[in-house]
Amino acid sequence: MTYRVALNFEDGATRFIECNEGEKVLDAAYRNKINLPMDCSDGVCGTCKCRCEQGEYDLGDEYLEDALSRQEAEEGMVLTCQMVPSSDCVIAVPVPSSACKVKPAEHGGEVSSVELVSDSTIILKLKIDKPDALGFLPGQYVNLTVPGTSEHRSYSFSSKVGATEASFLIRNVPGGLMSGWLAKDAKTGARMEFVGPQGSFFLRAVDRPVVMLAGGTGLAPILSMLEVLADQGTDQPVHLIYGVTNDGDLVEIERIEALGKRLPRFTWATCVASPESSHPLKGYVTAHLADEHLNAGVCDIYLCGPPPMVEAVRIFFTEKGVKPSHFFYEKFSATEAVTA
C-alpha cells in the first residue's frame, strides 16, 4: 500500500510523492529527488520540522523533546525524518521549493473546448496529456502560458482532482492577452502548456460548518472543492454565496444545482451587485451572510474574489466581532492570483 503525500512549499509550489507503507516522509521525499531540510535524520535536531495540515500518521517515540515538543506535536507539527503516514497527507514545508531543489512541474494538454458563457466569462477545457501525473489540491491554480508568447496567466482549476479534462473559468478582459487568444485564435486541438500546481488556498479536512464565498470567476476553485466534497461526502453543513456584478455574469448555475443534489447539507445563494439588476438578491455577498451560517465563528471560511471583495469580507468579520475558526482566502486581479 502507498499513500499520496502533498508537499506544499512556502512559495506555494506543491509536489506529490508516493510514500510506501511504513516509510518515513523524509526518505520518500529523497527517493523522489526532493531534498527536504534535514541535518541528523534521527529526530534530534528539529531541522526537518514541518506542519501536517491533513491526514493520519505516526511519529513514534524516538525523537527528542528539544526537536519537537509535546505541544508542537499536538498542534500538528511533525518531524519528516520520523513521520510515517497511515493515510494520504498534506504537509506544509516552511521553505521555498527552490531550497529543496524542486523544479517547476510542467504539464500540457490540448484544447477540447472554449465557450464564452457570458460577456465576462470564458470556460476553457483542456484534455490533459498525462492526467495521472497532474496532482493538485482542490482550490489550487496553475500558470497557463499564452500560446505563441512567453507570457503566462494564473487560473484556478474548476475541475476536480483526477479528471482527464481540466477546466478553468477565465475572466474575459477587454484587450487581455489570454482572453484575446481564447476568443479569436483558440481552436480544438491547440496545444497549451502550464506550470503548477501552486497556492496555499485549498480545501482542508472538513470538521466544522463551511462557508464558501465566491466573486466572479473566483467561483472556479470553489467548484473544484465542491466536486471533491460531493465525491467524499460530508456530514457538515456547507453554504455557498456566489456574487457577481451584473445578471449576465452568473455562470455554472446548473453545475452548482447538480452538486447540491450530491451534497445533502449544501445550501447556496447568488447575488448581483448592480442596482439595475432584476435578481432577487442584490448587493454584495456580505449582505447575505446570516448568523446561522457563521455559527458564532465556529466555521471554516473559504473566500475567493477580487481584492476589494476580500477586504470587504475581512472588514465585515472585524466589525461583526466574528473570528472564524479558519479563514482561507485567495484574491486575484485580471492577470494574477495572490494567496494567503
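Residues numbered from 1 in each chain as written. Predicted model: local features only at pLDDT ≥ 70, side-chain atom pairs only at ≥ 80, totals over all residues. Heavy atoms only, no water.

Caption draft 1: Quick peek at helix 3 (residues 177-184). Met178, Ser179, Trp181 and Leu182 are the residues of helix 3 that are buried. Down the axis of helix 3, the buried set is contained in an arc of 160°. They therefore lie on one face. The outward face of helix 3, more than 90 degrees from its buried face, is lined by the exposed residues Ala183 and Lys184. Those residues of helix 3 that are buried lie in contact with strand 8 (106-118), strand 9 (121-128), strand 10 (141-145), strand 11 (152-156), strand 12 (165-171) and strand 13 (191-198). (Buried < 20%, exposed > 50% of the residue type's maximum accessible area, 1.4 Å probe, protein only. Helix = DSSP H or I, 4+ residues; strand = E, 2+ residues; numbered from the N terminus. Arc of directions from axis to C-beta. Contact = heavy atoms within 4.5 Å.)

Caption draft 2: Main features of the nonpolar core. With 31 residues, the main nonpolar core has Met212, Leu219, Ile222, Leu226, Leu240, Tyr242 and Tyr302 as its most contacted residues. Of all the secondary structure elements, the ones that give two or more residues to this core are strand 14 (210-215), helix 4 (219-232), strand 15 (238-244), helix 5 (253-262), strand 16 (266-272), strand 17 (300-305) and strand 18 (326-332). Among the elements that take part in this core, helix 4 stands out by supplying nine residues, more than any other. Sequence-distant contacts of Met212, defined by excluding residues within four places in its chain, comprise Ile222, Met225, Leu226, Leu229, Val238, His239, Leu240, Ile241 and Tyr302. In this structure, Ala28, Ala67, Cys81 and Cys100 belong to the second largest nonpolar core, which totals 27 residues. (Core = buried A, V, L, I, M, F, W, Y, C linked by side-chain atoms within 4.5 Å.)

Caption draft 3: Region of the structure containing empty space enclosed by the protein. Applying the stated criterion across every chain yields a total of two cavities of 30 Å³ or more. Volume-wise, the second largest cavity comes out at about 50 Å³. What lines the second largest cavity is Ile128, Pro131, Leu134, Phe136, Phe157, Ser159, Lys160, Gly162, Ala163, Glu165 and Ala166. Classifying every residue of the lining of the second largest cavity gives seven nonpolar, two polar and two charged. (1 Å grid on protein atoms, 1.4 Å probe; cavity = no way out; pocket = protein on both sides within 12 Å on 5 of 7 lines; lining within 4 Å. Points joined across faces, edges and corners; volume = space filled by probe spheres on them. Nonpolar A, V, L, I, M, F, W, Y, C, P; charged D, E, K, R; others polar.)

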